[in-house]
Amino acid sequence: MIPRSFAALVLAASTLLAACSSTPSNAPSDAPSDSASATTETATSESSSPDASEPSTETAGSSSGAYTVAAHTTYPYETESCGRKLTFKESPKKVVSIGFATVPTMIDLGLEDRIAGLTQEIPEHTYPAEMEAKMKAMPRLLSSQKGGGGVEVSTETILNAEADMTIGPENNMDFDALAAAGVQGFVQAGYCRNVDPAPAKISDIHDVYDAIGQIFDVPEAAAKAKEDVDKRLEAVKGTDSTPAGTAAVLYLTPGEATVWTYGTSSMAHVIMETAGLDNVYKDNDKRVFELSLEDLLARNPDRIILVNIGYDEAETKEAFTTMGNMKDLKAVKEDKVMVMPFAWTDPASSLVVDGIEKVSTWVNETK
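Since the structure is predicted, the reported quantities are computational estimates derived from the model, not experimental observations.

Asker: What is the right way to read the packing of helix 7 (residues 219-237) against helix 12 (residues 350-365) from this model?
Answerer: If you want to describe how two helices pack, look at the angle between their axes and the distance between the axes. Two elements in contact, helix 7 and helix 12, have axes whose closest approach is 10 Å; the angle formed by their N-to-C orientations is 10°. Taken as axis vectors, helix 7 and helix 12 run roughly parallel relative to one another. Facing helix 7, whose interface residues are Val229, Arg232, Leu233 and Val236, helix 12 presents Ser350, Val353, Asp354, Ile356, Glu357 and Ser360. Per-class residue counts for the contact of helix 7 with helix 12 are 5 nonpolar, 2 polar and 3 charged.

Asker: What exactly am I supposed to notice about helix 10 (residues 313-321) here?
Answerer: Residues spaced three or four apart along an α-helix point in a common direction, a consequence of the helix completing one turn every 3.6 residues. Along helix 10, the positions that sit buried rather than exposed are Thr316, Ala319, Phe320 and Thr321. Looking at the packing, one finds that the buried side of helix 10 touches strand 12 (246-252), helix 9 (293-299), strand 16 (303-308), helix 11 (330-333) and strand 17 (337-341). Where helix 10 begins, the capping side chain belongs to Asp312, and its oxygen is found 3.5 Å from the backbone nitrogen of Ala314.

Asker: What exactly am I supposed to notice about unusual backbone geometry here?
Answerer: Trans is the common state for peptide bonds, and a negative phi is the common state for residues other than glycine. Across the junction of Tyr75 and Pro76, the peptide omega takes the value 0°, indicating a cis bond. Structurally, Pro76 is set in the loop between strand 3 (67-70) and strand 4 (77-81). Cis peptide bonds are those with omega within 30 degrees of zero, and the linkage from Asp346 to Pro347 qualifies with -10°. Structurally, the position occupied by Pro347 is in the loop between strand 17 and helix 12. Here Glu162, not a glycine, exhibits a phi torsion of approximately 60°, which is positive. In this structure, Glu162 sits in the loop between helix 4 (155-160) and strand 10 (165-167).

Asker: I keep staring at the packing of aromatic side chains and nothing clicks. Help me out?
Answerer: Geometry of an aromatic ring pair is reported as the spacing of the ring centres plus the angle between the planes. Evaluation of the coordinates by the stated rule reveals 3 aromatic pairs. Seen from their ring centres, Phe100 and Tyr127 are 6.2 Å apart, and the 70° between their planes marks the pair as edge-to-face. Residue Phe100 is found in the loop between strand 6 (95-97) and helix 2 (103-108), and its partner Tyr127 is found in the loop between strand 7 (115-118) and helix 3 (129-136); the two are separated by 27 residues along the sequence. The pair Phe100 / Tyr127 is uniform in exposure class, with both members buried. Relative to Phe342, the ring of Tyr251 has its centre 5.6 Å away and its plane inclined at 90°; by these criteria the two rings are edge-to-face. You can see Tyr251 sitting in strand 12 and its partner Phe342 sitting in the loop between strand 17 and helix 12, a full 91 residues away along the chain. Each member of the pair, Tyr251 as well as Phe342, is classed as buried. Over the face of the ring belonging to Phe175 we find Arg84, whose NZ or CZ atom lies 3.8 Å from the ring centre. Note that Arg303 overlies the ring of Trp362, its terminal NZ or CZ placed 4.8 Å from the centroid.

Rules used in this analysis
- Residues numbered from 1 in each chain as written.
- Predicted model: local features only at pLDDT ≥ 70, side-chain atom pairs only at ≥ 80, totals over all residues.
- Heavy atoms only, no water.
- Axes fitted to C-alpha atoms, helices over the stretch in contact; angles between N-to-C directions.
- Helix = DSSP H or I, 4+ residues; strand = E, 2+ residues; numbered from the N terminus.
- Parallel < 35°, antiparallel > 145°, perpendicular 65-115°, else oblique.
- Contact = heavy atoms within 4.5 Å.
- Nonpolar A, V, L, I, M, F, W, Y, C, P; charged D, E, K, R; others polar.
- Buried < 20%, exposed > 50% of the residue type's maximum accessible area, 1.4 Å probe, protein only.
- Polar contact = N/O pair within 3.5 Å; in protein donor to acceptor, adjacent residues only side chain to side chain.
- Phe/Tyr/Trp six-rings, centres within 6.5 Å; stacked < 30°, edge-to-face > 60°.
- Lys NZ or Arg CZ within 6 Å of the ring centre and 35° of its normal.

What follows is the structure, encoded as structure tokens:
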């Protein structure tokens, strides 16, 4: 591994794009994009990573409710992220988060003290109060504002934070350059570029607990988190979840003309299914894609769920219902339009369960 001081000098002029909204500028946070990522000159390393042991499939004797606690991680631990090999010599001590996608999972697993820096301000109207307080207590890294709500943070800043891991979307980082400086880059499933999308499943929440739990060697916390999620989901199943018509989840930013929607590889699709709603865009396997308002009018869903980052419900609903001919939608005419934070719909985390609970309650109260 090259010394961090040398890597900082080599990479100081480079930047990583940390988008509060991915390209295009008002797309949902951390959304995969085909646009080129910010470039970073790659430093070279004369040493190779040590051979990593295979992940253990054994289980320990203890258990947490319905879940057997996995064996503790043996280091060096090798795994993959977006097809790239990651090797952890020990449990990461300092993590820089580009965006917020995996931060709720880190908090659920009691790993908030490992966050060495967030690259953005915490948006309002987004996170549960207790989680928001923990996020606001995390260090804030120096960054500069860009158009569309994104920020730039230099590679030097990440290295100066003494990070040994980053979490964030693939299109926002030069992972080869960071790896050469000893920083492993984890990308949560669903945010990889050039990877065929897989249908989203509720078990994706378990998968990210397992992935982070194994990297950080906290198997007991992962088992407990999965059990807690399942208890909440079981309670939702106890409500009336008979078919409740069609729906679409839309991402919009008040004042912007572009609207986005979600296909079957998004957890937004899972939320609708779990609440008894039929996603009118289930014929599209993308996670997120730009919406044609004319097509939305033609599909005319019974319900609309609006999501965004940092705007309150009244402002968001007003922006949508006064846009073009949206007043002609059945959902608008019958006042079956609801608003909730984007973070409650994507990516897979316990916040998706918050989304399921909120949508299910709304559906059952407005049938």
